[in-house]
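Residue-level structural notes
These are the residues of each chain, in order.
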Amino acid sequence: MSNKNISFYESVNLNFDRAAKFVDLPKGLVEQIKVCNAVYQMKFPVKVGNQIKVIEAYRVQHSHHRLPTKGGIRYSIHVDQDEVMALAALMTYKCAIVDVPFGGAKGGVKISPFKYTDRQLESITRRYTTELIRKNFIGPGIDVPAPDYGTGAREMAWILDTYLTFKNGELDFAGCVTGKPVSQNGIRGRAEATGRGVYYGLREAVSFEDDMKKLGLETGMAGKTMVIQGLGNVGSHAGLISQKEGDAKIIAVSEYEGAIYSEKGIDMEKLLKFRKETGSIVGYPGTTTLAHRDAALELECDILVPAALENVITKENAHKIKAKIIGEAANGPISFDAEEILIKNGILVIPDMYINAGGVTVSYFEWLKNLSHMRFGRIEKRFNQNTYNSLVNVVEKLTGKTIGERERRMVTRGADEIDLVRSGLEETMVEAYQQIRLVRKRKKRINDLRSAAFVSALNKVGNDYLNLGVFP
Ligand code: NAD
């Protein structure tokens, strides 16, 4: 391998090539799965104060084997075609791994969002959406964006409103974008979904005794030391939920402004409140500040969760990583050549295309909700509640005993939308991990979970193509 740093898209493709050796698909089909099907680069003007700024933006549809295509929109000054193509490709494999019936796509706008006012960001978002509409690159059956780095529910609401302005009367308009606010055709549980999926994925990974033994760890999340890089949407929820529901111990957090450490553990809820009030995690009581923000990545810990951006672990620092498990909450945080070092050092890497698939899974639920025009649980909640109540009544009658009001409420509760979303997400993450783990176990020459995840994805996408009859 040369000294040149590998680009994100190159990394994705090198990972792809490594895994492609283990699948039994025609060569041309493998090539078709690998390439990006459509790349749209646009440049449009936006008025910023008294000036006109030219904004560079992209939408890449990686695979049309299933439609619509699906993938987030990133606002970052580092956006370029290579990055968006890499992210779009990962979306295809991600959707296949968790059995979400979409092709992969991704969008990117090359801006630093914090340099613009809310008004200007709204103009940029609306103009970007208009460009997508003009080229037929958005729609509930065509291509459905969602939030990613630098965007959130607010931007998705602007996209929805712009789409509706042009497509008034289109019955399924709300399915043109996901990650919307709940009040604007969104779904409960979408904001936390990627972070919650990271927690379910980690919990599943640490539940296998054989795998944990190899790492010198006990099974279970409780007490596992965790380090988190990036306290945005994904990192904050992954940390909060791992701590609250898994009893994990967050010993260090790194953000743009610096990194903090505490052997005793950091209360995530209080830390997030502190950052909101002071604008920084540095100075949070009971913690020490590390020499520089990336020092957090090199700490000794059970689980490292990079949840910021790609290529943060490269061949330059891979040998310094002391974590036993890395859960790639961000997309592409480990470069191809860095992973070879990590594997050699016995670190278990849980790949991005699996562990951060919670977001697209719940986006899929949101899209289904939009197409069905109905909230999950609306039809059956009351019916189930009445059935459970009757059941408890019968048991009470037969046993002559009564249960307390609190217990009765607990066992007779019908599921709300949030309960169904969380249980659907949990099932998806658990099932997908078991599939990937099985591939790794069965194929003796595969010694990493990423290749196993790729094999699982390639077989599913390949079968879709073959069933389409594109390759007779
Ligand atoms: P976000 O914008 O909400 O948060 C990212 C955070 O990382 C920000 O707070 C930023 O300040 C911080 N950060 C940036 N560079 C850093 C550095 N060098 N060190 C420490 N912190 C740094 O973004 P997000 O939506 O949480 O996305 C994070 C990653 O997760 C991205 O790779 C994204 O593609 C991936 N992802 C996001 C979703 C989603 O649903 N939002 C889904 C799947 C994957």
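Parameters and conventions
Residues numbered from 1 in each chain as written. Predicted model: local features only at pLDDT ≥ 70, side-chain atom pairs only at ≥ 80, totals over all residues. Heavy atoms only, no water. 1 Å grid on protein atoms, 1.4 Å probe; cavity = no way out; pocket = protein on both sides within 12 Å on 5 of 7 lines; lining within 4 Å. Points joined across faces, edges and corners; volume = space filled by probe spheres on them. Helix = DSSP H or I, 4+ residues; strand = E, 2+ residues; numbered from the N terminus. Disulfide = S-S within 2.5 Å. Buried < 20%, exposed > 50% of the residue type's maximum accessible area, 1.4 Å probe, protein only. Near = heavy atom within 4 Å. Polar contact = N/O pair within 3.5 Å; in protein donor to acceptor, adjacent residues only side chain to side chain. Nonpolar A, V, L, I, M, F, W, Y, C, P; charged D, E, K, R; others polar. Domains from an automatic or database assignment. Contact = heavy atoms within 4.5 Å. Buried area = accessible area lost by both parts, 1.4 Å probe. Salt bridge = Lys/Arg side-chain N within 4 Å of Asp/Glu carboxyl O.

**Thoughts on the layout of surface pockets**
One water molecule sets the probe size; rolling that probe over the atoms shows where empty space is left. Counted as a void, the second largest pocket has a volume near 230 Å³. L215, G346, I347, L348 and R440 are, among the 13 residues lining the second largest pocket, the residues nearest its centre. Breaking the lining of the second largest pocket down by element, the ones donating at least two residues are α7 (209–215), α10 (336–344) and β12 (348–350). At three residues, α7 tops the list of elements feeding residues into the lining of the second largest pocket.

**Thoughts on the state of the cysteines**
One pass over the structure, following the stated rule, counts zero disulfides. Considering cysteine sulfurs only, C36 is the nearest to C95, which forms no disulfide, with 14 Å between them. On the basis of relative accessible area, C95 is assigned to the buried category, the value being 0%. For the unlinked cysteine C176, the closest cysteine sulfur is that of C95, found at 17 Å. Relative accessible area serves as the criterion here: at 0%, C176 is assigned to the buried category.

**Comments concerning the site of the ligand**
Contacts to the ligand come from 22 residues, most closely from R74, D148, T194, E255 and N331. One nitrogen or oxygen atom from the side chain of R74 is found 2.8 Å from an oxygen atom belonging to the ligand. At 3.0 Å from an oxygen atom of the ligand is found a main-chain nitrogen or oxygen belonging to G150. Among the elements of the structure, α6 (190–205), α8 (233–244) and β7 (249–255) are those that each provide at least two residues to the shell around the ligand. Across the shell around the ligand, the residue classes break down as eight nonpolar, nine polar and five charged. Looking at which domains feed residues into the shell around the ligand, each of domain 1 (38–186) and domain 2 (193–358) gives three or more.

**Considerations on the domain arrangement of the protein chain**
Parsing the protein chain into structural domains produces domain 1 (38–186) and domain 2 (193–358). Taking only C-alpha atoms, the centre of domain 1 and the centre of domain 2 are 28 Å apart. Contact with domain 1, which involves twelve residues of that partner, is made by ten residues of domain 2. Looking only at domain 1, the three residues that lose the most surface to domain 2 are L90, K94 and Y149, adding up to 47% of its buried area. Taken together, the links from domain 1 to domain 2 amount to one salt bridge. Its salt-bridge partner being R74, residue E310 comes within 2.9 Å of it at the nearest N-O pair. Here domain 1 and domain 2 share three residue pairs in polar contact (both at pLDDT 80 or more) between them. Looking at which element gives the most residues to the side of domain 1 that touches domain 2, the answer is helix α3 (residues 81–97), with six residues. Class assignment for the residues of the side of domain 1 that touches domain 2 results in six nonpolar, one polar and five charged.

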